[in-house]
Amino acid sequence: MFMKSECVAMLLAGGQGSRLGVLTKSIAKPAVPYGGKYRIIDFPLSNCINSGIETVGVLTQYQPMVLNEYIGGGEPWDLDRMYGGVHVLPPYQRSKKADWYKGTANAIYQNIPFIERYSPDHVLILSGDHIYKMNYSKMLEFHKQSNADCTIAVLEVPMEEASRFGIMNTDETGRIVEFQEKPKKPKSNKASMGIYIFKWETLYGYLEQDEVNPKSSNDFGKDIIPAMLEAGDNLYAYEFSGYWKDVGTIDSLWESNLDLLDPKVQLDLSDPSWRIYGRNSAMSPQYISPDAVVQNSLVSEGCDVGGSVEFSILFTGVTVEQDADVRYSIIMPGAVIKQGASVQYAIVGEGAVIEAGAVVGQSPENMENIDEWGVAVVGDGITIGEQVQIAPKAMVEEDISL
């Protein structure tokens, strides 16, 4: 017997995240570290509990072990509950075959029994690879007042960038009249954030129809939303104006981390009224040596800094030795930057070692051909040998030595 929940959240966290390269070689994208002490999934989970949504299903598939361990029983987010709480939902075997999630809609379809346990009136669909703070309860209230069958969160983007997104065209009441997937000539700049609230009864029917359609790609944006528009259902756009970043690429992950160092960016992780919770191990305080230079950077607990760190994010347990130079970079947990090494405009994975005198990445100002510049990435546990030079835009997934 389960208590009824007005709204159940379903968090899609099973994507491979191939555009993040070596950073997601052994972990799911939502488990990638962010902001010095968090992981990406901390944001939607924290948004749920801060919004009063206490029943959350996390749909996992690709490399789920780290993510499963991290979520655990849900204690850091106050989601360890007798009724509701957080539940990890991997694909499971039905009858004689194992059914992997074929798409976002199919992932929800396979978990209809979980949703039905709570008899919800509404279902909130979330992605596990976005950085943002959002009050879902306000979106739910708008959804109910509009008597919407589906409400889609939208963010106004610069018109010149609108062709990169799914665009919602609305009438004067906010009702969606047309959906364009990455249009060459967009009619509006209201971009879908991949956040949906559905009337459960309505969504249930569409999921059943979609599952038996052999031509469907089983996707919300490509199949479910267009089908609802064609049927004349009530779809409304809920406008969001805060910080939001899809961190599905190396560049966007790097930019979003460094956004935390920009006072003009509206993403305050210290706001006590809307905390971002995470499972952070207790470590000793960071140590900054008398010879170190640290400027406009986030330095987490357990770090030991003896060199120069500027405009960078150091996760827990990072070591930057004397005369090492780290600039505009993301150094993930436990990484070591040894004496005299230089790391610029780069992402260094968990437990990686940059040996003495090695050079990783380069400032774009020093590039003769700017088209060859990009963020350099060193994978988890990789060692870059002494005096080795790693070029901008490189993606290193094996140890390198001279």
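Preceding this section is the structure that the text describes.
What you see is a predicted model, and the numbers here were worked out from it, not measured in a lab. As a convention, each chain's residues are numbered from 1 in the sequence order in which they are written. Only residues with pLDDT of at least 70 are given local features in this predicted model, and only at 80 or more are side-chain atom pairs given and counted; all residues enter the totals for whole chains, interfaces and linings. Excluding hydrogens and water, the side-chain values take into account all heavy atoms of the structure.

A. Region of interest: the overall build of the chain. In terms of helices and strands, the chain carries eight helices and 33 strands. Oriented by its inertia axes, the alpha-carbon framework of the chain measures out at about 65 × 50 × 45 Å. Helix and strand assignments follow DSSP, with helices taken as H or I runs no shorter than four residues and strands as E runs no shorter than two, numbered in order from the N terminus.

B. Seen up close, the pattern of salt bridges. The term salt bridge refers to a side-chain nitrogen of Lys or Arg lying within 4 Å of a carboxyl oxygen of Asp or Glu. Going through the model one piece at a time under the given rule, you end up with 16 salt bridges. The salt bridge partner of D121 is K4, with a shortest N-O separation of 3.2 Å. Taken together, the residues span a long stretch of sequence, with D121 in the loop between α4 (112-116) and β8 (122-127) and K4 in the segment before β1 (7-12) at a distance of 117 residues. Between buried and exposed lies partly exposed: a residue is buried under 20% and exposed over 50% of the maximum accessible area for its type, with that area taken using a 1.4 Å probe on protein chains only. We classify K4 as exposed; its relative accessible area is 51%. Across the pair E255 and K245 runs a salt bridge whose closest N-O atoms are separated by 3.1 Å. Taken together, the residues span a long stretch of sequence, with E255 in helix α8 (residues 250-259) and K245 in strand β15 (residues 244-246) at a distance of ten residues. With a relative accessible area of 35%, E255 lands in the partly exposed category. One network of salt bridges, in which partners are shared, links E6, E141 and K144.

C. Region of the structure containing helix α5 (residues 136-145). Restricting attention to buried positions, one finds in α5 the residues Y136, M139, L140 and H143. Relative to the axis of α5, the buried residues are bounded by an arc of 100 degrees and lie together on one face. Turned more than 90 degrees off the buried face of α5, the exposed positions are K138 and Q145. One or two residues past the end of α5 sits N147, with phi positive at roughly 50 degrees. An arc is given here, and it is the one of the directions from the helix axis to the C-beta atoms.

D. Inspection of the packing of helix α6 (residues 200-211) against helix α7 (residues 220-230) at higher detail. Here, axes are lines fitted to C-alpha atoms. For helices the fit covers the stretch in contact, and angles between N-to-C directions go from 0 to 180 degrees. Running from N to C, α6 and α7 point in directions that differ by 120 degrees, and their axes come no closer than 11 Å. By the angle class used here, α6 and α7 are oblique. Crossing hand, α6 versus α7: right-handed. Each of T202, L203, Y206, L207 and D210 in α6 lies in contact with α7, whose residues at this interface are F220, D223, I224, A227 and M228. For classification, angles of less than 35 degrees are called roughly parallel, those exceeding 145 degrees roughly antiparallel, those between 65 and 115 degrees roughly perpendicular, and all remaining angles oblique. Handedness of a helix crossing follows the sense of rotation of the near helix relative to the far helix, less than a right angle counterclockwise being left-handed and clockwise being right-handed. Whether two residues are in contact is decided by their heavy atoms, any of which lying within 4.5 Å being enough.

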